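What follows is the residue order along each chain.
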Amino acid sequence: MSVNQRVPDYDLDDLLVVTAPEQLRALADPLRGTLLELLLERAATVNELAGAVDRPKSSVAYHVNQLVDAGLLRVVRTRRVRAVEERFYGRVARTYYVGALNRPEDKQTVARINGLAEAAAEASAAHAADELRCTLVHARIPIEDVREFWTEVQALARRFAQIPRAGDQVYGFAAGLYPTDAPRLPEAVDERD
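Here the structure is a predicted model, which means the values were calculated and not measured.

**Student:** What's the story with the packing of aromatic side chains in this structure? I'm lost.
**Tutor:** When we look at a pair of aromatic rings, we describe it by the centre distance and by the angle of the planes. What the rule picks out here adds up to 1 aromatic pair. Above the face of the Phe88 ring, Arg77 is positioned so that its terminal group lies 5.0 Å from the ring centre.

**Student:** Before we go on, may I ask you to explain the nonpolar core in this structure?
**Tutor:** Considering soluble globular proteins, one finds that nonpolar side chains tend to be buried as a cluster. Membership of the largest hydrophobic core comes to 27 residues, with the highest contact counts inside it found for Leu35, Val60, Val64, Leu72 and Tyr96. At the level of elements, helix H1 (21-28), helix H2 (30-38), helix H3 (46-53), helix H4 (57-69), strand E3 (84-91) and strand E4 (93-98) are the ones that each hand at least two residues to this core. Looking at this core, the element that brings in the most residues is H3, giving 4 residues.

**Student:** Teacher, can you tell me more about the pattern of salt bridges here?
**Tutor:** As a working rule, side chains carrying opposite charge can pair if their charged atoms are close by. Per the stated rule, a full pass over the model turns up 5 salt bridges. The residue Asp9 makes a salt bridge to Arg77 at a minimum N-O spacing of 2.9 Å. Taken together, the positions of Asp9 in the segment before strand E1 (13-18) and Arg77 in strand E2 (residues 73-81) put the pair 68 residues apart, joining distant regions of the chain. Relative accessible area serves as the criterion here: at 26%, Asp9 is assigned to the partly exposed category. The class for Arg77 is partly exposed, based on a relative accessible area of 32%. Linking Arg42 and Glu48 is a salt bridge whose minimum nitrogen-to-oxygen distance equals 3.3 Å. You can call Arg42 partly exposed: its relative accessible area is 36%.

**Student:** Before we go on, may I ask you to explain H3 in this structure?
**Tutor:** For an α-helix, the turn length of 3.6 residues means that residues three or four places apart are oriented alike. Turning to H3, its buried residues are Val46, Leu49, Ala50 and Val53. End-on view of H3: buried residues confined to an arc of 100°, all on one side of the axis. Away from its buried face by more than 90 degrees, H3 exposes Gly51 and Ala52. Check the buried side of H3 and you find it contacts H2, H4 and E3. One or two residues past the end of H3 sits Asp54, with phi positive at roughly 55°.

Thresholds applied
Residues numbered from 1 in each chain as written. Predicted model: local features only at pLDDT ≥ 70, side-chain atom pairs only at ≥ 80, totals over all residues. Heavy atoms only, no water. Phe/Tyr/Trp six-rings, centres within 6.5 Å; stacked < 30°, edge-to-face > 60°. Lys NZ or Arg CZ within 6 Å of the ring centre and 35° of its normal. Core = buried A, V, L, I, M, F, W, Y, C linked by side-chain atoms within 4.5 Å. Buried < 20%, exposed > 50% of the residue type's maximum accessible area, 1.4 Å probe, protein only. Helix = DSSP H or I, 4+ residues; strand = E, 2+ residues; numbered from the N terminus. Salt bridge = Lys/Arg side-chain N within 4 Å of Asp/Glu carboxyl O. Arc of directions from axis to C-beta. Contact = heavy atoms within 4.5 Å.

Here's what the structure looks like:
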């Protein structure tokens, strides 16, 4: 793939704020998450997706339809193959951001799509092989700085997702920003008084 080629190979919005219950339910399924990740590389047909995830075409078609119905996927182009119109699906946005949710059923759905838990499970083999690159840093900072920093992290994640696809290994990129109960120093006392 040439460096100048777009990733993915279709137009999509940069960000979709996800708050609708049907969208959250659609995102909660691990297979659907995998399908969405695959479509960051390029548009694909149900046959191609089924082959990539080693699942029956009918099962993948069901999940693709769920994502289309939830407004997370769309047909980005078609082609005629004999007498059949083949559909290529793509995401509607590069990044799906789960917005603030207040209803108990929404919070349960969000718990199932916790990216850091999934990343931890995926990373265990890389950790055992000493191929995991990871850092954990704690900082006491104001909420305004948290928001600004998270915007930069999201930009970095989008940059990672746009790197042209090559090689045989798929890499994961996980980032999290969360409040903790980590200890902190008390305010400094001015000893000059």
